[in-house]
Amino acid sequence: MMNTTVGWHVDMEFQEDDQHTRAVAMVRLPDGSEVRSQGHATRHNVDANQPRVGEEIAGARALNELAMQLLTKAHTEIDDASGRTSHPIHV
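Residues numbered from 1 in each chain as written. Predicted model: local features only at pLDDT ≥ 70, side-chain atom pairs only at ≥ 80, totals over all residues. Heavy atoms only, no water.

Peer 1: A description of the pattern of salt bridges should follow, citing residues and the corresponding values.
Peer 2: Here the structure, examined in full by the defined rule, presents five salt bridges. Between Arg28 and Glu34 there is a salt bridge; the shortest N-O distance is 2.6 Å. Residue Arg36 pairs with Glu34 through a salt bridge whose shortest N-O separation is 2.7 Å. A relative accessible area of 34% places Glu34 in the partly exposed class. (Salt bridge = Lys/Arg side-chain N within 4 Å of Asp/Glu carboxyl O. Buried < 20%, exposed > 50% of the residue type's maximum accessible area, 1.4 Å probe, protein only.)

Encoded structure:
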């Protein structure tokens, strides 16, 4: 039996100003479909300007949303193939 190794590459881009960070994440799946998500972070006025922290927060939020979309996609595919409603996958 042959095992197939599949790799996914997630692209992440950031847009920032002094107060806000926006992250956009995208993964292209082997079937050619793409899943995209966004995350945001806002710096409080009294916090130091640390762009890396904003990127980490916005990026984590985008990846979390990406994960939820992938779970929804998987459920839809299970339901379509089986003709019934699948049990939720808890994270």
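What follows continues from the structure just given.
Peer 1: Tell me about helix H1 (residues 51-82), and name the residues and values.
Peer 2: Compared with an ideal rise of 1.5 Å per residue, which puts 32 residues at 46 Å, H1 spans 46 Å between its outermost C-alpha atoms and is within 8% of the ideal. Looking at H1, one finds that the buried residues are Gly54, Ala58, Gly59, Ala62, Leu66, Leu71 and His75. As for H1, its buried residues are in contact with strand S1 (10-16), strand S2 (20-28) and strand S3 (34-42). (Helix = DSSP H or I, 4+ residues; strand = E, 2+ residues; numbered from the N terminus. Expected span 1.5 Å × (residues − 1). Contact = heavy atoms within 4.5 Å.)

Peer 1: Give me the sheet that holds S3: which residues, what numbers.
Peer 2: Judged by pairing direction, the sheet is antiparallel, and its three strands sit side by side in the order S1-S2-S3 without closing on themselves. With one partner strand each, in any of the chains shown, S1 and S3 form the two edges of the open sheet. Here the strands of the sheet are splayed against their neighbours by 15° on average, with no regard to which way each runs. For S2 and S3, the ladder comprises nine bridges, and the chain directions are antiparallel. Each bridged residue has a counterpart across the sheet, and for Arg28 the counterpart in S3 is Glu34. Most of the contacts of H1 go to S3, to which it runs at about 145°, and overall it touches S1, S2 and S3. (Pairing = 2+ DSSP bridges. Axes fitted to C-alpha atoms, helices over the stretch in contact; angles between N-to-C directions.)

Peer 1: So, the pairing of S2: which residues are in play, and what are the values?
Peer 2: With seven bridges connecting them, S1 and S2 associate as antiparallel partners. Across the sheet, the residue bridging to Glu16 is Thr21, located in S2. Hairpin geometry of S2 and S3 is characterised by an intervening segment of five residues between the two adjacent antiparallel strands and by a positive phi of about 95° at Gly32.

Peer 1: Before we move on, could you go through the environment of Ala62 and cite the residues and values that matter?
Peer 2: Position of Ala62 relative to the elements: it lies in helix H1. Between the C-alpha atoms of Ala62 and Arg22, which are 40 residues apart in sequence, the distance is 8.9 Å. The contact partners of Ala62, leaving out residues within four places of it in the chain, are Met12, Ala23, Ala25, Ser37, Gln38 and Gly39.

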